[in-house]
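Now for the letters of each chain:
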Amino acid sequence: MKITVVGTGYVGLVSGACLSEVGNDVLCLDLDPEKIRILEEGGIPIYEPGLQEMVTRNVAAGRLRFTTDIDRAVQHGTIQFIAVGTPPDEDGSADMRYVLAAARNIGQRMTDYKVVVDKSTVPVGTADRVKEAIAEELTKRGAQTPFAVVSNPEFLKEGAAVEDFMRPDRIIVGADDEQAVHLMRALYSPFQRNRERLIVTDVRSAELTKYAANAMLATRISFMNELANLAEKLGADIEMVRQGIGSDPRIGYHFLYPGAGYGGSCFPKDVKALIKTAADDAGLELKVLAAVEAANDAQKHVLGEKVKRSFGGDLRGRHFAVWGLAFKPNTDDMREAPSLELIADLLGAGATVTAYDPVAMHEAQRSLGGETRVRYARTPNEALEGADALVIVTEWKEFRSPDFDLIKAKLKRPLIVDGRNLYDPAWVRGQGFEYLPIGR
């Protein structure tokens, strides 16, 4: 099947690569010539485990190509995926300029039946706006070319996106066109060989499902973070609480880990957008989600507050090692990363920082804008040199079993502030450390 994917960001590139992996002829369009240059030279503009190898394999096989040519892209695919960014506006709503521009480009150029698929995370009602945009462009041309608009939200976890696409939990298709549903079933049949995973809904329900899923997961995270803060005050251990409530099959263990707050490209943006959609389009105040957002904003400062309390509030002349910069492991994504708030809090109190992350250092430098009070280490142990204490923000595997004797020898004060509860408190404290985890 011939597929066009508009956008070679996180969602678009993963989708294009995985669709080509099962034999489709995929052309990825991006108007950023630098991204296309990187891809055509054999690289990828993002970090995602397994993606580089899959892209290389399918480019070599001739099933995956890249272009900045809009005419070529529109003519290529019967199915046109729109996978462009929907960044938050200042008021929290999703910015739909790129989605609607992609729709208009299709409407201006299409000459045969197209299924236009909203793959980007978009507000409820976007499919209607995409349909109107395409119809307007066809009318301007005096054309009556048939088309359908489908909502097919992605449910990809950064760090496991390739696996999630190839082995999906569910495939949501919101459509009101039988031919479009037939084509989407055919497209996704290779990904559901052992059981049916495709759920067909109306378009608006599909659009809301994506926001609802992310909002629910964000809610679990903020709930556990608030419980962890309470457990700390009451002398309870949030890890024991987690095991106790997670064993209830109605609750389960997923997304019950307390930490330094959620970040990334999805949860913060989608929670804001859903709150905004409810207020503007339905006149509703989503009180639970407003609390989720407020709790998360506060949680990102918990590590900084722990450090400041440990040193009497004044960090002037202090230097800290920070392990982990990306918002989660197995990605270089720094968007809304808790590490950015931690570093801002430390610098604001007069400290300096040396940071280490296995893959996100380059993105971190861009995010921090060349901040001279932050240095970057080549290894975790190098980051410890001259540090008053160690702060752990991201739970990379290489941090799980470090050389504690070496850490103790390098730190001026044997203090570990652990934002991801990587270690057993009794054991670490038994090694002579001051250990400040979350909720333990």
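Residues numbered from 1 in each chain as written. Predicted model: local features only at pLDDT ≥ 70, side-chain atom pairs only at ≥ 80, totals over all residues. Heavy atoms only, no water.

### Quick look at the overall build of the protein chain
Phase 1: Along its length, the protein chain carries 18 helices and 14 strands.
Phase 2: For the protein chain, whose C-alpha radius of gyration is 24 Å, the value lies close to the compact-globule estimate of 22 Å for 440 residues.
Phase 3: Across its three principal axes, the protein chain shows a C-alpha extent of roughly 75 × 45 × 45 Å.
Phase 4: Among the 440 residues that make up the protein chain, the fraction classed as buried is 55%.
Phase 5: A total accessible area of about 19300 Å² is found for the protein chain, and carbon and sulfur atoms account for 51% of it.
Phase 6: Across the protein chain, the centroid of the 54 positively charged side chains sits 2 Å from that of the 63 negatively charged ones. (Helix = DSSP H or I, 4+ residues; strand = E, 2+ residues; numbered from the N terminus. Rg over C-alpha atoms; globule rule 2.2 N^0.38 Å. Buried < 20%, exposed > 50% of the residue type's maximum accessible area, 1.4 Å probe, protein only. Areas by Shrake-Rupley, 256 points an atom, 1.4 Å probe, with all protein chains shown as cover. Lys, Arg positive; Asp, Glu negative; His and termini not counted. Charge placed at Lys NZ, Arg CZ, Asp CG, Glu CD.)

### Focus: the side chain of Ser-222
Phase 1: Relative to the helices and strands, Ser-222 resides in helix H9 (residues 203-234).
Phase 2: A relative accessible area of 4% places Ser-222 in the buried class.
Phase 3: Not counting residues within four places of it along the chain, the set of residues in contact with Ser-222 comprises Tyr-262, Val-292, Ala-295 and Asn-296. (Contact = heavy atoms within 4.5 Å.)

### Digging into the pattern of salt bridges
Phase 1: All told, the structure shown has 34 salt bridges when counted by the stated rule.
Phase 2: As a salt-bridge pair, Glu-21 and Arg-57 come within 3.0 Å of each other at their nearest N and O atoms. You can see Glu-21 sitting in helix H1 (residues 10-21) and its partner Arg-57 sitting in helix H3 (residues 51-60), a full 36 residues away along the chain.
Phase 3: Residue class for Glu-21 comes out partly exposed when judged on its relative accessible area of 26%.
Phase 4: Arg-242 is the partner of Glu-239 in a salt bridge, and the nearest nitrogen-oxygen pair spans 2.7 Å. Residue Glu-239 and its partner Arg-242 are located together in helix H10 (residues 238-246), separated by three residues, close to a single helical turn.
Phase 5: Here the salt bridges do not stand alone but share partners, grouping Arg-104, Glu-136, Glu-137 and Lys-140 into one network. (Salt bridge = Lys/Arg side-chain N within 4 Å of Asp/Glu carboxyl O.)

### What to know about the packing of aromatic side chains
Phase 1: By the definition in use, this model includes twelve aromatic pairs.
Phase 2: Between Phe-255 and Phe-267, the ring centres sit 6.2 Å apart and the planes meet at 45 degrees, which makes this aromatic pair tilted. Highlighted residues: Phe-255 in the loop between H10 and helix H11 (267-282) and Phe-267 in helix H11, separated in sequence by twelve residues.
Phase 3: On the basis of an interplanar angle of 80 degrees and a centroid distance of 5.9 Å, the ring pair of Tyr-262 and Phe-267 is categorised as edge-to-face.
Phase 4: Counting every residue linked through ring pairs, the aromatic cluster contains Phe-404, Tyr-423, Trp-427, Phe-433 and Tyr-435.
Phase 5: Positioned above the aromatic ring of Phe-155, the side-chain terminus of Arg-170 is 3.8 Å from the ring centre.
Phase 6: Positioned above the aromatic ring of Phe-311, the side-chain terminus of Arg-413 is 4.6 Å from the ring centre. (Phe/Tyr/Trp six-rings, centres within 6.5 Å; stacked < 30°, edge-to-face > 60°. Lys NZ or Arg CZ within 6 Å of the ring centre and 35° of its normal.)

### A word on the pairing of strand E8 (residues 198-201)
Phase 1: As paired elements, strand E7 (residues 171-174) and E8 share four bridges and run parallel to each other. If you follow Ile-171 over to E8, its bridge partner there is Leu-198.
Phase 2: In terms of handedness, the path from E7 via helix H8 (residues 178-188) over to E8 forms a crossover that is right-handed. (Pairing = 2+ DSSP bridges. Right-handed = clockwise from strand over helix to strand, strands pointing away.)

### Overview of the sheet that holds strand E10 (residues 352-356)
Phase 1: Ordered by their spatial adjacency, six strands build an open sheet running E11-E10-E9-E12-E13-E14, and the pairing between neighbours is parallel. The sheet terminates laterally at strand E11 (374-376) and strand E14 (434-436), the two strands that pair on one side only. Strand-to-strand twist in this sheet, taken as the mean axis angle between neighbours without regard to direction, amounts to 20 degrees.
Phase 2: Across three bridges, the pairing between strand E13 (residues 415-418) and E14 is parallel. Bridge pairing links Val-417 to Leu-436 in E14.
Phase 3: Running over the sheet, helix H13 (residues 302-310) touches strand E9 (319-323), strand E12 (389-392), E13 and E14 and is turned about 160 degrees from E13.
Phase 4: In this fold helix H15 (residues 361-368) packs onto E10 and E11, with an angle of close to 165 degrees to the strand it touches most, E11. (Axes fitted to C-alpha atoms, helices over the stretch in contact; angles between N-to-C directions.)

### Thoughts on the environment of Arg-193
Phase 1: Within the fold, Arg-193 resides in the loop between H8 and E8.
Phase 2: Owing to a relative accessible area of 74%, Arg-193 belongs among the exposed residues under this scheme.
Phase 3: Here the alpha-carbon distance between Arg-193 and Asn-105, two residues 88 residues apart in the chain, equals 35 Å.

### Focus on the packing of H11 against helix H12 (residues 287-299)
Phase 1: Remark: H11 packs on H12, axes separated minimally by 10 Å, with the N-to-C direction vectors making an angle of 145 degrees. H11 and H12 meet at a crossing whose hand is left-handed. Residues Val-271, Lys-272, Leu-274 and Ile-275 of H11 form the contact with H12, whose participating residues are Leu-289, Ala-290 and Glu-293.
Phase 2: A breakdown of the residues in the contact of H11 with H12 according to their chemical character gives five nonpolar, no polar and two charged. (Left-handed = near helix turned anticlockwise from the far one by under 90°. Nonpolar A, V, L, I, M, F, W, Y, C, P; charged D, E, K, R; others polar.)

### Quick word on helix H5 (residues 97-109)
Phase 1: A rise of 1.5 Å per residue sets the reference length of H5, with its 13 residues, at 18 Å; its end C-alpha atoms lie 19 Å apart and thus fit the reference within 8%.
Phase 2: Along its buried surface, H5 packs onto strand E1 (2-6), helix H4 (70-76), strand E4 (79-82), strand E5 (114-118) and helix H6 (126-141). (Expected span 1.5 Å × (residues − 1).)

### So, the state of the cysteines
Phase 1: One pass over the full model with this rule turns up zero disulfides.
Phase 2: Here Cys-28 is not disulfide-linked; the sulfur of Cys-18 is the nearest cysteine sulfur, at 11 Å.
Phase 3: Here Cys-266 is not cross-linked by a disulfide; its sulfur's nearest cysteine counterpart is in Cys-18, at 16 Å.
Phase 4: Overall, Cys-266 belongs to the buried group, its relative accessible area being 16%. (Disulfide = S-S within 2.5 Å.)

### Some details on the packing of H1 against H3
Relative placement of two packed helices is described by the angle separating their axes and the distance separating the axes.
Phase 1: Two elements in contact, H1 and H3, have axes separated by 9 Å at closest approach and are oriented at 50 degrees. As judged from the angle between their axes, H1 and H3 are oblique. Once H1 is placed against H3, the crossing between them reads as left-handed. Residue-level contacts link Leu-13, Val-14, Ala-17, Cys-18, Ser-20 and Glu-21 of H1 to Leu-51, Met-54, Val-55, Arg-57 and Asn-58 of H3.
Phase 2: A per-class count over the contact of H1 with H3 returns seven nonpolar, two polar and two charged. (Parallel < 35°, antiparallel > 145°, perpendicular 65-115°, else oblique.)

Coordinates in, geometry out; function isn't part of it.
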